[in-house]
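Observations on chain architecture
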Amino acid sequence: MDLSRAAAEALDAADPLAGFRSRFAGADEDGPDRLLYLDGNSLGRMPLATPAAVSRVVEQEWARGLVGSWSQWIGAATRLGDDLGAGVLGAGPGQVLVSDSTTVNLYKLLVAGATARPGRDVLVCTKDDFPTDRYVVAGVAGARGMTVREIDAHVDTGLDLADLAAALDERVAVVVLSLVAYRSGALADVAEVTRLVHESGALLLWDLSHAVGAVPVDLDAIGADLAVGCAYKYLNGGPGAPAFLYVRRDLQEELRSPIQGWFGQRDQFAMGPAYEPADGIERFGVGTPPVIGMAAVEVGAGLVAEAGIGELSTKGRAMTDLIVALGDEWLLPAGVALASPREAVRRGSHVTFAHPQAWQLTQALVDRQVVPDFRTPDRVRLGPAPLYTRFVDVWDAMDRFRALLADRSYEAYPAERARVT
Ligand SMILES: *Cc1c(COP(=O)(O)O)cnc(C)c1O
């Protein structure tokens, strides 16, 4: 691979997604002092169309339409869910609902799944999964008298299929897994994982938070049971954006949400005496949906759908390949280790490096206009977003990383992460 800056410029010149950059706030700044934002997998950039979409809801529908606007808003969670399904999740209509946070959706589907597998008393997750996933699994297990089996997934290379197979038997009700691991970016082997879990008779609940908008998901094609995910990362839906959930159509009848809210109720406005779940995906609704936030999700997810997940994933792989190659050349000789899978087909759209002073390096990078993410215990995570990050942005960020390691200026930063109280 040609590792020159000119080669990175050539990749940008040939990039079919290059035009999307100018549709995000701040993304097409130029010049040597521009911000190199490599944390789109934590909080995506703001699409320039978002303020107008949000203000339409606020200033027209709310300010003028008042309560009458509910006629438009009432079906928004399923309408937007169908759009997400068609545009980015590979899910046919009636299987995706936009609602709540990822954490709440995970809770709802986990309890619903466990209840639908009576007689099975084990929940499976991985030791290194995102904290909220592990906490929800532990909480649900505790409340139901179930046992948790935590698979010892490798922090850098992800889940070993043999370890998964060893954790599965006729006691397992639900397996919770991230499609792309939040720390390393390791991409699960979807076909094999699905086969193993289904062979055991358990349900599989995917967390797509670090995958959606970065890698192809194709929920219907892979025979997914249940999935949840986040809309403020690669979907650019904004801070606290409502999340989504997916329940395969033929499972919907069998599953019931543990939160019997009126937005999951059949014939909601009959205001009847007892809860009876709605038919279809709407039964996983809870309360009044966040209408303003959904307007922002619609814009962000719409851009991802317009770009096409195939192009996005191809560019994501090329950018992370460049990071890995530059890392081999510049960072590894300076005491940094690659903490992500080496082959692009085994990764999502981020790459992580390990260094004993990762926290100091992260602070120094931020001061040099490079925004990565620090991840415990000693990781610097670089997440280029294929919609708006350029190859030269990646190259320049790596160049600043290299310079820091050479002049050791990061050593001047606090070694301990200040406790946020
Ligand atoms: C970001 C992320 C979440 C976020 O959950 P919230 O309820 O939105 O805070 C959950 N799971 C994974 C795997 C994530 O990456």
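These numbers were taken from a predicted model, which means no experiment stands behind them.

Observations regarding the overall build of the protein
Within the protein one finds 13 helices and 13 strands. The dimensions of the protein, computed from C-alpha atoms along their principal axes, are 70 × 55 × 45 Å. Looking at the 421 residues of the protein, the share that counts as buried comes to 56%. For the protein, the proportion of contacts with a sequence separation of at least 24, taken over those separated by at least 6, is 71%. Here the protein displays about 17,100 Å² of accessible surface, and carbon together with sulfur accounts for 54% of that area. On the protein, the mean spot of the 39 positive side-chain charges and the mean spot of the 55 negative ones are 3 Å from each other.

A closer look at unusual backbone geometry
Between threonine 376 and the following residue, proline 377, the backbone shows a cis peptide bond with an omega angle of -5 degrees. Its identity is not glycine, yet arginine 408 carries a phi of approximately 55 degrees, on the positive side. Its place among the elements puts arginine 408 in the segment after helix H13 (391–407). Arginine 408 sits in the partly exposed class, given a relative accessible area of 46%.

What about the UniProt feature "modified residue: N6-(pyridoxal phosphate)lysine" (unreviewed entry) in the protein?
The feature "modified residue: N6-(pyridoxal phosphate)lysine" (unreviewed entry), as annotated in UniProt, sits at Lys233 in this numbering. With respect to the helices and strands, the residue lysine 233 is situated in the loop between strand S7 (226–229) and strand S8 (243–247). Residues in contact with lysine 233, not counting those within four places in the same chain, are Gly40, Asn41, Ser42, Gly44, Ser209 and His210.

Remarks on the sheet that holds strand S5 (residues 172–178)
The 7 strands are arranged S2-S8-S7-S6-S5-S3-S4 in an open sheet whose pairing can be described as mixed. Single-partner strands in this sheet number two, and they are strand S2 (96–99) and strand S4 (147–151). If you compare each strand with its neighbour and ignore which way they point, the axes differ by 20 degrees on average. Summarising the sheet, S2 and S8 pair through 4 bridges and their orientation is antiparallel. Looking across to S8, one finds that leucine 97 is bridged to leucine 245. Of the strands in this sheet, S2, strand S3 (122–126), S5, strand S6 (203–207), S7 and S8 touch helix H5 (residues 102–115), which is tilted by about 20 degrees from S8.

Let's talk about the environment of alanine 295
When you line up the elements, alanine 295 lands in helix H10 (residues 291–307). A residue is classified by how much of its surface remains accessible, and alanine 295, at 9% relative accessible area, is buried. Taking C-alpha positions, alanine 295 is 9.4 Å from proline 51, a pair spaced 244 residues apart along the chain. Excluding anything up to four places from it in sequence, alanine 295 contacts Ala53, Val54 and Val57.

Description of the UniProt feature "binding site: pyridoxal 5'-phosphate" (unreviewed entry) in the protein
Under the UniProt annotation, "binding site: pyridoxal 5'-phosphate" (unreviewed entry) lies at Thr102, Thr103, Phe130, Pro131, Thr132, Asp133, Asp207, His210, Tyr232, Trp262 and Thr288. Maximum C-alpha separation among the annotated residues is 30.6 Å over a sequence range of 187 residues, too wide for a single clustered spot. Along the chain, aspartate 207 falls in strand S6. Excluding residues that lie within four positions of it along the chain, aspartate 207 makes contacts with Thr102, Asp133, Leu177, Ser178, Leu179, Val228 and Gly229.

Notes on the packing of aromatic side chains
Counted according to the given criterion, the structure contains 8 aromatic pairs. Ring plane angle 90 degrees and centroid distance 5.2 Å describe the contact between tryptophan 262 and phenylalanine 263, whose orientation is recorded as edge-to-face. Take phenylalanine 263: its relative accessible area is 16%, and that puts it in the buried class. Their ring planes at 85 degrees and their centres at 5.3 Å tell us that tryptophan 330 and tryptophan 395 sit as a pair that is edge-to-face. Within this pair, whereas tryptophan 330 is found in helix H11 (residues 309–331), its partner tryptophan 395 is found in helix H13, the two being separated by 65 residues in sequence. Per residue, the accessibility class of tryptophan 330 equals that of tryptophan 395, and both read buried. Clustering of aromatic rings is evident, with ring pairs tying together Trp262, Phe263 and Phe269. We note arginine 417 situated over the ring of tryptophan 359; from NZ or CZ to the ring centre the distance is 4.8 Å.

The rules behind each value
- Residues numbered from 1 in each chain as written.
- Predicted model: local features only at pLDDT ≥ 70, side-chain atom pairs only at ≥ 80, totals over all residues.
- Heavy atoms only, no water.
- Helix = DSSP H or I, 4+ residues; strand = E, 2+ residues; numbered from the N terminus.
- Buried < 20%, exposed > 50% of the residue type's maximum accessible area, 1.4 Å probe, protein only.
- Contact = heavy atoms within 4.5 Å.
- Areas by Shrake-Rupley, 256 points an atom, 1.4 Å probe, with all protein chains shown as cover.
- Lys, Arg positive; Asp, Glu negative; His and termini not counted.
- Charge placed at Lys NZ, Arg CZ, Asp CG, Glu CD.
- UniProt positions renumbered as here; feature names shortened; annotations may be inferred.
- Pairing = 2+ DSSP bridges.
- Axes fitted to C-alpha atoms, helices over the stretch in contact; angles between N-to-C directions.
- Phe/Tyr/Trp six-rings, centres within 6.5 Å; stacked < 30°, edge-to-face > 60°.
- Lys NZ or Arg CZ within 6 Å of the ring centre and 35° of its normal.

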